[in-house]
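Below, each chain spelled out in residue letters.
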Amino acid sequence: IWKDDEVLLKANKRFARMYLLDLIAVKVKFKYLKEIIKSRLKIKKIYEDGLVKIKDIKIYKDNSYSVSVPQNFVISLEDKDNLNKYLKEKGIICQEPYIPLHMVDIFRCKSRNFLNSENYYFHSLHLPLTSFMDAKDVEYIIETIRNFKK
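As the structure is a prediction and not an experimental result, all values here were calculated from the model.

Reading the values: rules and limits
Residues numbered from 1 in each chain as written. Predicted model: local features only at pLDDT ≥ 70, side-chain atom pairs only at ≥ 80, totals over all residues. Heavy atoms only, no water. Phe/Tyr/Trp six-rings, centres within 6.5 Å; stacked < 30°, edge-to-face > 60°. Helix = DSSP H or I, 4+ residues; strand = E, 2+ residues; numbered from the N terminus. Buried < 20%, exposed > 50% of the residue type's maximum accessible area, 1.4 Å probe, protein only. Core = buried A, V, L, I, M, F, W, Y, C linked by side-chain atoms within 4.5 Å. Contact = heavy atoms within 4.5 Å. Pairing = 2+ DSSP bridges. Axes fitted to C-alpha atoms, helices over the stretch in contact; angles between N-to-C directions.

Asker: I keep staring at the packing of aromatic side chains and nothing clicks. Help me out?
Answerer: Aromatic ring pairs are defined here through the distance separating the ring centres and the angle between the ring planes. This model, assessed by the stated rule, comprises 4 aromatic pairs. On the basis of an interplanar angle of 55° and a centroid distance of 6.0 Å, the ring pair of Tyr60 and Tyr120 is categorised as tilted. One end of the pair, Tyr60, is in the loop between β1 (58-59) and β2 (73-76); the other, Tyr120, is in helix α5 (residues 115-123), and 60 residues separate them in sequence. Exposure remark for Tyr60: the relative accessible area of 32% places this residue in the partly exposed category. According to the relative accessible area criterion, Tyr120 is partly exposed, its value standing at 29%. Measuring from ring centre to ring centre gives 5.4 Å for Tyr86 and Phe148, while their planes differ by 45°; the resulting arrangement is tilted. In this pair, Tyr86 sits in helix α4 (residues 80-89) while Phe148 sits in helix α6 (residues 135-149), placing the two residues 62 residues apart along the sequence.

Structure, rendered in structure tokens:
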């Protein structure tokens, strides 16, 4: 705990305690940051290797000149909604992309020249990717997707 955190503890206010808990969580995560990054990159690689040959599924890969730490693993396919439903039935919870701003009522535009945003929204699915997954979890997800595509 940092020196200034004692003051927060003595303040006895809800926001101060939450601030302290946030600081502690960040401190713990920083301690394991290299392991977290390594784990996520390993999971990403398993997804890439396992899904690359499945017909009609597009995988987004990093450029050769960039490095990123994945927050999720994104795939695109025409039948996204049915795959999402199938995965949910098998106990795999995926996330869908946020609605593009130009499709939200308050921001709705008359011109609809945001084809990339719409394509991503209607066809992309975020597969689970956490630091706590192991290879077996990812292989199960890949095999479930293969079974769906048969």
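Back to the text.
Asker: How should I be thinking about the nonpolar core in this particular structure?
Answerer: Side chains of nonpolar character tend, in soluble globular proteins, to be buried together. Ranked by internal contacts, the top residues of the largest apolar core, which has 23 residues, are Tyr47, Leu51, Ile75, Leu127 and Ile145. Looking at this core, the element that brings in the most residues is α6, giving 5 residues. Beyond its immediate sequence surroundings of up to four residues, Tyr47 is in contact with Phe73, Leu127, Pro128, Met133, Val138, Ile141 and Ile142.

Asker: Can you walk me through the sheet that holds β2 in this structure?
Answerer: Across a sheet, strands are paired by hydrogen bonds formed along the backbone, either parallel or antiparallel in direction. Strands sit in the order β1-β2-β3 across an open sheet of 3 strands; the sheet is antiparallel. At either end of the open sheet lies a strand with only one pairing partner, and these are β1 and β3 (124-127). Across 4 bridges, the pairing between β2 and β3 is antiparallel. If you follow Phe73 over to β3, its bridge partner there is Leu127. Packed onto the sheet, α4 meets β2 and β3 and runs at close to 25° relative to β3.

Asker: How should I be thinking about unusual backbone geometry in this particular structure?
Answerer: The phi angle of most residues is negative, glycine excepted, and most peptide bonds adopt the trans form. Located in the positive-phi region is Asp56, a residue other than glycine, with phi close to 70°. Note on placement: Asp56 falls in the loop between α3 (33-51) and β1. According to the relative accessible area criterion, Asp56 is exposed, its value standing at 53%.

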